[in-house]
Amino acid sequence: MDFYPSIERAAIQEIKKFQEQKLQELLAYLETNSPFYQRLFKENNINISDIQTLEDLQKIPTTTKNNIQQHNDDFFCVTPDKIVDYSTTSGTLGDPVTFGLSDNDLERLAYNEAISFACAGIQKGDVVQMITTIDKRFMAGLAYFLGLRKMGASVVRMGPGIPELQWDSIFRYKPKYLITVPSFLLKMIDYAEKHGIDYKNSSVYGAVCIGESIKNQDFTDNILSQKIKEKWNIKLFSTYASTEMSTAFTECEEQIGGHHHPELIITEILDEDGNPVKEDESGELTITTLGVEAIPLLRFKTGDIVKAHYEPCKCGRNTMRLGPVIGRKQQMIKYKGTTLYPPAMNDILNDFGNILCYQIVIQSNEIGLDEILIKISTDNDSEGFVNEVRDHFRAKLRVSPKIELVEFDVLSKTVFNPSSRKPITFTDLR
């Protein structure tokens, strides 16, 4: 199988024409099989034959996670007996949202991850250690396994946590790549240094980093990435995906953004009014899935604020690339006239080596304005250190949040909750 699809090397107009044909197929499928989109088309007097180009998508209302949560069953286009796997993702209204995958959807998911991992340089025969869960209705872990299997790589399913076991597995099976939350690499390095493990001469060449950003908007390494590479000279590859998309945007060896796979997804970047942004502007990623059988989505607003890059890549792909996620739209903070997103605050806190763990808490005060509380566990609890952290916020973001020192044993149980798939470093109480 070709894990470097020819459509990704095609001319821009050819890619557009290809996607418009796929869009026609999707609209016909939704009109026949989707109770939700049948109703949407009818209520908005949409004749799908009027939707011929990607620009025509503007004639169709967008879909949000609230829509899926309120009408979850109406998004299913197949009968329950066709569902092979159930996955869930967090909902904006409290309860999780259910996604079912048919056998064809699992094949598509495997293909997506195979071409994404190939983009990052993983090849048939490589050993890859998964430091991520494959259970708990987590789609990504299953997707990683299926994709690696499809491309002929060997998989070591370690799961998250426990640095001692991770290192035992690395020296036993000699993986070339790791799939992990990048901040966990710092824990592995710390464990290795404290226990005399020669980690710099291990088999690991690179890590595919999930769940946390490792790049600035200009594709330079952010503070988290710098701290890892200062200790351990391995390649770090960004990847971005979500359960709703069933599609990944993964960096190639050039490491200048996650590549779009046009055979799997249509992308739009929209402003606050739902209009496409200019090429050099950021906006909300809005996606239309292609080839999904059970729960295809049309113009789904992901809530992620991103910037797209369109110049051809040296790797030979002409596809659009997504830059690092700037922030979640629903997590945007207005603090004393300044607009903030959690990733910018993560960068500042990651800059301090003696912060053991932290959590950013956003809450509303008595007059309805956003307040920022930073909970920190540190081995330096002096007033001078607290002031240093506060001054760093002032210098970088022009804000001065409240800072609260919390014992590590207390805060770590909240941040590294065993029921969560990644560290809970941000809590929104608004």
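Residues numbered from 1 in each chain as written. Predicted model: local features only at pLDDT ≥ 70, side-chain atom pairs only at ≥ 80, totals over all residues. Heavy atoms only, no water.

- You'll find the protein entered in an unreviewed UniProt entry as AMP-binding protein, with Chryseobacterium salviniae given as the organism.

### Brief notes about the pairing of strand β6 (residues 206–209)
When a strand is regular, its side chains alternate between the sheet's two faces.
Then comes step 1: What you see with β6 is no split at all: G206 and V208 on one side and A207 and C209 on the other are buried throughout.
Then comes step 2: As judged from the 4 bridges shared by strand β5 (residues 177–180) and β6, these two strands associate in the parallel manner. Looking at the pairing, T180 lines up with C209 of β6.
Then comes step 3: In this fold, β5 hands off to helix α7 (residues 182–194), which returns the chain to β6; that crossover is right-handed.
Then comes step 4: Strand direction decides the pairing type here: β6 and strand β7 (residues 235–242), joined by 4 bridges, are parallel. Across the sheet, G206 pairs through a bridge with K235, a residue of β7.
Then comes step 5: Handedness of the crossover joining β6 and β7 through helix α8 (residues 223–231): right-handed. (Buried < 20%, exposed > 50% of the residue type's maximum accessible area, 1.4 Å probe, protein only. Helix = DSSP H or I, 4+ residues; strand = E, 2+ residues; numbered from the N terminus. Pairing = 2+ DSSP bridges. Right-handed = clockwise from strand over helix to strand, strands pointing away.)

### Comments concerning the packing of α7 against α8
Then comes step 1: Between α7 and α8, whose axes approach to 10 Å, the crossing angle comes to 30°. Overall, the two elements α7 and α8 adopt an arrangement that is roughly parallel. Once α7 is placed against α8, the crossing between them reads as left-handed. Note on element contacts: α8 touches α7 through L224, K227, I228 and K231, opposite P182, S183, L185, L186, I189 and E193.
Then comes step 2: For the contact of α7 with α8, the class distribution of residues is 6 nonpolar, 1 polar and 3 charged. (Axes fitted to C-alpha atoms, helices over the stretch in contact; angles between N-to-C directions. Parallel < 35°, antiparallel > 145°, perpendicular 65-115°, else oblique. Left-handed = near helix turned anticlockwise from the far one by under 90°. Contact = heavy atoms within 4.5 Å. Nonpolar A, V, L, I, M, F, W, Y, C, P; charged D, E, K, R; others polar.)

### Looking at the packing of α8 against helix α9 (residues 342–350)
Then comes step 1: Axis separation between α8 and α9 bottoms out at 8 Å; the angle between their running directions is 35°. On the side of α8, the interface is formed by I223, L224 and K227, while α9 contributes D347, I348 and N350.
Then comes step 2: The residue makeup of the contact of α8 with α9, split by class, is 3 nonpolar, 1 polar and 2 charged.

### Concerning the packing of aromatic side chains
Then comes step 1: Applying the stated criterion across every chain, the model contains 12 aromatic pairs.
Then comes step 2: For the ring pair F36 and F75, a centre distance of 4.2 Å and an interplane angle of 20° mean the geometry is stacked. With F36 in helix α2 (residues 35–43) and F75 in the loop between α3 (65–70) and β1 (83–89), the pair connects residues that are 39 residues apart, well separated along the chain.
Then comes step 3: On the accessibility criterion, F75 (0% relative accessible area) is buried.
Then comes step 4: Where F352 meets F385, the ring centres are 5.6 Å apart and the plane angle is 85°; that geometry is what we call edge-to-face. On the criterion of sequence distance, the pair formed by F352 in the loop between α9 and β17 (355–364) and F385 in helix α10 (residues 383–397) is long-range, its members being 33 residues apart. Pair check on accessibility: F352 and F385 agree, each one buried. (Phe/Tyr/Trp six-rings, centres within 6.5 Å; stacked < 30°, edge-to-face > 60°.)

### So, the layout of surface pockets
Then comes step 1: Reported here for the second largest pocket is a volume of approximately 740 Å³.
Then comes step 2: In terms of lining, the second largest pocket is formed by 23 residues, of which the most central are L54, E55, T267, E268 and Y310.
Then comes step 3: The set of elements that each furnish at least two residues to the lining of the second largest pocket consists of α1 (12–33) and β10 (265–270).
Then comes step 4: Looking at the lining of the second largest pocket residue by residue, the classes come out as 11 nonpolar, 6 polar and 6 charged. (1 Å grid on protein atoms, 1.4 Å probe; cavity = no way out; pocket = protein on both sides within 12 Å on 5 of 7 lines; lining within 4 Å. Points joined across faces, edges and corners; volume = space filled by probe spheres on them.)

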